[in-house]
Each structure stands twice: as C-alpha cells, then as structure tokens.
Amino acid sequence: MNIPNKLFKLFFKVLRPPRLRLHLSLPSVPPWLIFVVILVSYILVISGIIYDVIVGPPAVGTTIDPLTQTLKPAAFAQGRINAQYVIEGLSVGFFYALGTSAIILLDVSSKSALLKDYKIQCWILAILLLLGFYRMMIVFVRIKLPGYLEFYYQ
C-alpha cells in the first residue's frame, strides 16, 4: 500500500462523514416535454443559431435582378459556403428536424405493440418524410452551390 492510500484511510478514520437522509422530491416531468425541449434545441443548433449570434448575419440578403436591375430578396447566400442568412439556417434546420422525426417514426413503428395498419402507415409516412428531406437537401445544395454535381443530378 502506498503512502497516499494510507493517508486517505487515516483521514477517514479520524473524520467520519455524516449520515444524511435527504429525500429529494423532484417534480415529475413528462417525457414528451423532454423530447420537445431536446428537439427544439437540436433544431436551433443545426440551424446555426450559434453562428447567427456570433456573426450577426441579416435575416435575408439581396441580389440584383438581371432584367430590371433592382434589388430582390434572397434567402440563400449563393456561392458562399461559409456564410448563411438566418432564414437559410432555419429552413435547413426545419428540414433536418423532418428527417430526424422520420427516423424516430421508424423507431416507433418497430414496436410490436402497434397494430399492423398503424405500422404500415408509420413506415409510409417515415419514407415520405425521408424522401422529402433528401430531396430538399439536394435542392438547397444546388441553390447554395450552383453547378455542384451538375452531371450527377440531371
């Protein structure tokens, strides 16, 4: 036995920790509330709220219309991979939440307690959500980076 262990044991022979009988009465929080808080925080983090707070980008940008030479609003910062507008981040975060909810729905449908009709409905809805999520992410990438993988998605 080394010296620190001997000192540690000696310390607790001299001093005895008190017996505490604490009864914590914590309010019970419903599981759906915890889920909603986690999902909303997930959406905000994926949306880039930290970037928005630090950098402070505008909500929407502007581009020049080639025909009329006037300014028109733009929701995406085209060609700028390291920048985003607030609306761009929130829309991407919303669609990521749809993809996440599709995966959660697939997990719920795997429970054996559901009826077969409900399972099929959950599978169909989850597949539709995943396909919609994937398609919108492709659209967002094509808006953000014009010409990226153009030969692949024709």
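Preceding this section is the structure that the text describes.
About the cut-offs
Residues numbered from 1 in each chain as written. Predicted model: local features only at pLDDT ≥ 70, side-chain atom pairs only at ≥ 80, totals over all residues. Heavy atoms only, no water. Helix = DSSP H or I, 4+ residues; strand = E, 2+ residues; numbered from the N terminus. Rg over C-alpha atoms; globule rule 2.2 N^0.38 Å. Phe/Tyr/Trp six-rings, centres within 6.5 Å; stacked < 30°, edge-to-face > 60°. Buried < 20%, exposed > 50% of the residue type's maximum accessible area, 1.4 Å probe, protein only. Axes fitted to C-alpha atoms, helices over the stretch in contact; angles between N-to-C directions. Parallel < 35°, antiparallel > 145°, perpendicular 65-115°, else oblique. Left-handed = near helix turned anticlockwise from the far one by under 90°. Nonpolar A, V, L, I, M, F, W, Y, C, P; charged D, E, K, R; others polar. Pairing = 2+ DSSP bridges. Core = buried A, V, L, I, M, F, W, Y, C linked by side-chain atoms within 4.5 Å. Contact = heavy atoms within 4.5 Å. Lys, Arg positive; Asp, Glu negative; His and termini not counted. Salt bridge = Lys/Arg side-chain N within 4 Å of Asp/Glu carboxyl O.

### So, the overall build of the chain
Right, on to step 1. A count of helices and strands for the chain gives five helices and two strands.
Right, on to step 2. The helix and strand sequence of the chain, counted from the amino end, reads α-α-α-β-β-α-α.
Right, on to step 3. Computed over its C-alpha atoms, the radius of gyration of the chain comes to 26 Å, more than 25% above the 15 Å expected for a compact globule of 154 residues.
Right, on to step 4. Seen through its C-alpha atoms, the chain measures out along the principal axes to roughly 85 × 50 × 35 Å.

### Overview of the packing of aromatic side chains
Right, on to step 1. Per the stated rule, a full pass over the model turns up four aromatic pairs.
Right, on to step 2. A ring pair is formed by Phe95 and Phe140, whose centres lie 5.6 Å apart and whose planes are at 75°; its orientation type is edge-to-face. Of this pair, Phe95 sits in helix α4 (residues 86–109) while Phe140 sits in helix α5 (residues 116–144), and the two are 45 residues apart along the sequence.
Right, on to step 3. Residues Tyr96 and Phe133 carry aromatic rings whose centres are separated by 5.2 Å and whose planes lie at 65° to one another, so their mutual orientation is edge-to-face. Of the two residues, Tyr96 is situated in helix α4 and Phe133 in helix α5; the sequence distance between them amounts to 37 residues.
Right, on to step 4. Classification of Phe133 by relative accessible area gives buried; the value is 19%.
Right, on to step 5. Taken together through their ring pairs, the aromatic side chains of Phe76, Phe94, Phe95 and Phe140 make up a single cluster.

### A closer look at the packing of α4 against α5
Right, on to step 1. Packing of α4 against α5 brings their axes to within 8 Å, and their N-to-C directions diverge by 155°. One way to sum up the angle between α4 and α5 is to call them roughly antiparallel. Our pair here, α4 against α5, has a crossing hand that is left-handed.
Right, on to step 2. Along the lines of polarity and charge, the residues of the contact of α4 with α5 split into 18 nonpolar, four polar and three charged.

### What to know about the pairing of strand β1 (residues 61–64)
Right, on to step 1. Here β1 runs beside strand β2 (residues 71–74); their pairing, made up of four bridges, is antiparallel. Each residue of the ladder has a partner; that of Gly61, found in β2, is Ala74.
Right, on to step 2. The hairpin formed by β1 and β2 contains six residues between the paired strands, and Gln69 there has a positive phi angle of roughly 60°.

### Some points on the nonpolar core
Note on soluble globular proteins: their nonpolar side chains tend to be buried together.
Right, on to step 1. Phe76, Val92, Phe95, Phe133, Met137 and Phe140 form the largest nonpolar core, which has six residues in total.
Right, on to step 2. Ranked by residues supplied to this core, first place goes to α5 with three residues.
Right, on to step 3. Ignoring sequence-local partners within four residues, the contact set of Met137 consists of Val92, Phe95 and Tyr96.

### Describing the side chain of Lys119
Right, on to step 1. Tracing the sequence through the fold places Lys119 in helix α5.
Right, on to step 2. The buried charged residue Lys119 lacks any salt bridge partner; its closest oppositely charged side chain belongs to Asp117, at an N-O distance of 11 Å.
Right, on to step 3. Setting aside chain neighbours within four positions, we find Lys119 in contact with Ser109, Lys111, Ser112 and Leu114.

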